[in-house]
Amino acid sequence: MMEYRQLGGTELRISVLGFGASPLGDVFRKTEPAERNAAVHFAVDQGINFFDVSPYYGLTLAEARLGEALEGRREKVVLATKCGRYGDSEFDFSAKRITAGFEESLKRLRTDYVDLLQAHDVEFGHVQQVVEETLPAMRRLQEQGKARYVGITGYSLKNLMEIAGKAKVDSILSYCRYNLLITDMDQSLAPFAREHGIGLINASPLHMGIITERGAPEWHPAPQALRDAGQRIVALCKARGVDASEVALRFCLDYAGAASTLVGLSSLGHVERNLKALEMKVEPELLREIAEVVAPVKDVTWPSGLEENCG
Ligand code: NAD
């Protein structure tokens, strides 16, 4: 049975398992239209109502494909997209680009509003610009009824908290900060968000593909030791007769500090397997064994964004 949680102080009730749409843009592997559409339709039918995408994923492909797949189902979902990041190293947090870029996102998504508009990977921008220009531009889009709520996303916890301390945001999405390999979000960002009534979204429960049989994609920024730890978790779970990705997801679903956990999805099989994680229980003994495997690299991070924002 799907569970839903309130996203901070917003009126959005979102499924604890969220549909991360970046793989629809072929960022992990090439996907086919029939499997993409089947994955989205099945997810909606099974009660997954939270969908997260960005113009950056697959350089607009993921948005266009999600828009197509959601045709006729738009009102059943809480749709989140992003602005400010448009390529691997293409960032533009200016009001002009945010406003113009968002109109293009709406066209690709085949809708006239999104439920959540997020400034994407804010550690690549200057705090002052994000606070004084980007977020106010997004609030104007909110006033026009084109975005119901406004949030920020990123990797640097320090930077996310600095921005949210200076400008009001409705939600914060952080990724690779709470899963089997790392839990540092729980000591800093989570209490901060609770105190300020900000909704928290946890992304990348598989550490962007590290805790999977296939392993990390080429572009993954994590040091080798972390990738190796991921493969050791996979082997350990296999030896215990369970699927590591399901265990990893279950671990995140159990975390009440976040309203939703976004897992990257593009195939029916993965949607089915991840839905199974809603029903499963993980033996405490297995979690202890995993913790031992992870101990030497627990909470290891990598630099991301402008030097001044890292942390
Ligand atoms: P993830 O950790 O969820 O891993 C996704 C990869 O694992 C994909 O290759 C997927 O096909 C595969 N996978 C999914 N379920 C699986 C299963 N049961 N077994 C084996 N493999 C499985 O990483 P992610 O896609 O990076 O993160 C999820 C979503 O969170 C993204 O799609 C995006 O929406 C969001 N996100 C946002 C940001 C940001 O805003 N800065 C950053 C990272 C992620």
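The present account deals with the structure reproduced in this document. (Residues numbered from 1 in each chain as written. Predicted model: local features only at pLDDT ≥ 70, side-chain atom pairs only at ≥ 80, totals over all residues. Heavy atoms only, no water.)

### Some thoughts on the overall build of the chain
Counting secondary structure elements, the chain contains 10 helices and 12 strands. In the chain, buried positions account for 59% of the 311 residues. Contacts in the chain between residues at least 24 apart in sequence constitute 75% of all its contacts with a sequence separation of at least 6. Total accessible area on the chain is roughly 12800 Å²; 51% of this is exposed by carbon and sulfur atoms. Seen as two clouds, the 36 positive and the 43 negative side-chain charges of the chain have centres 2 Å apart. (Helix = DSSP H or I, 4+ residues; strand = E, 2+ residues; numbered from the N terminus. Buried < 20%, exposed > 50% of the residue type's maximum accessible area, 1.4 Å probe, protein only. Contact = heavy atoms within 4.5 Å. Areas by Shrake-Rupley, 256 points an atom, 1.4 Å probe, with all protein chains shown as cover. Lys, Arg positive; Asp, Glu negative; His and termini not counted. Charge placed at Lys NZ, Arg CZ, Asp CG, Glu CD.)

### Examining the pairing of strand S5 (residues 78–83)
The element S5 is largely enclosed, with a buried count of six among its six residues. By the alternation rule, side chains of S5 split into Val 78, Ala 80 and Lys 82 and Leu 79, Thr 81 and Cys 83, which are all buried. Relative to S5, strand S4 (residues 50–52) is paired through three bridges, and the arrangement is parallel. Its bridge partner being in S5, Asp 52 is matched across the sheet by Ala 80. Note on the crossover from S4 through helix H2 (residues 61–69) to S5: the handedness is right-handed. Judged from the four bridges that link them, S5 and strand S8 (residues 114–119) form a sheet pairing that is parallel. The residue bridging Ala 80 from the neighbouring strand is Leu 116, located in S8. (Pairing = 2+ DSSP bridges. Right-handed = clockwise from strand over helix to strand, strands pointing away.)

### Side note on the packing of aromatic side chains
One pass over the structure, following the stated rule, counts nine aromatic pairs. With a centroid separation of 4.3 Å and an interplanar angle of 10°, the aromatic rings of Phe 91 and Phe 124 are classed as stacked. Taken together, the residues span a long stretch of sequence, with Phe 91 in strand S7 (residues 90–91) and Phe 124 in the loop between S8 and helix H4 (127–143) at a distance of 33 residues. We classify Phe 91 as partly exposed; its relative accessible area is 22%. Phe 124 sits in the partly exposed class, given a relative accessible area of 27%. On the numbers, 4.7 Å between centres and 10° between planes, the contact of Tyr 155 with Trp 302 is stacked. Taken as a pair, Tyr 155 in the loop between strand S9 (147–154) and helix H5 (157–166) and Trp 302 in the segment after helix H10 (284–294) lie far apart in primary sequence, 147 residues in all. In textbook terms, an aromatic cluster arises when at least three aromatic residues are bridged by ring pairs, as seen for Phe 91, Phe 93 and Phe 124. (Phe/Tyr/Trp six-rings, centres within 6.5 Å; stacked < 30°, edge-to-face > 60°.)

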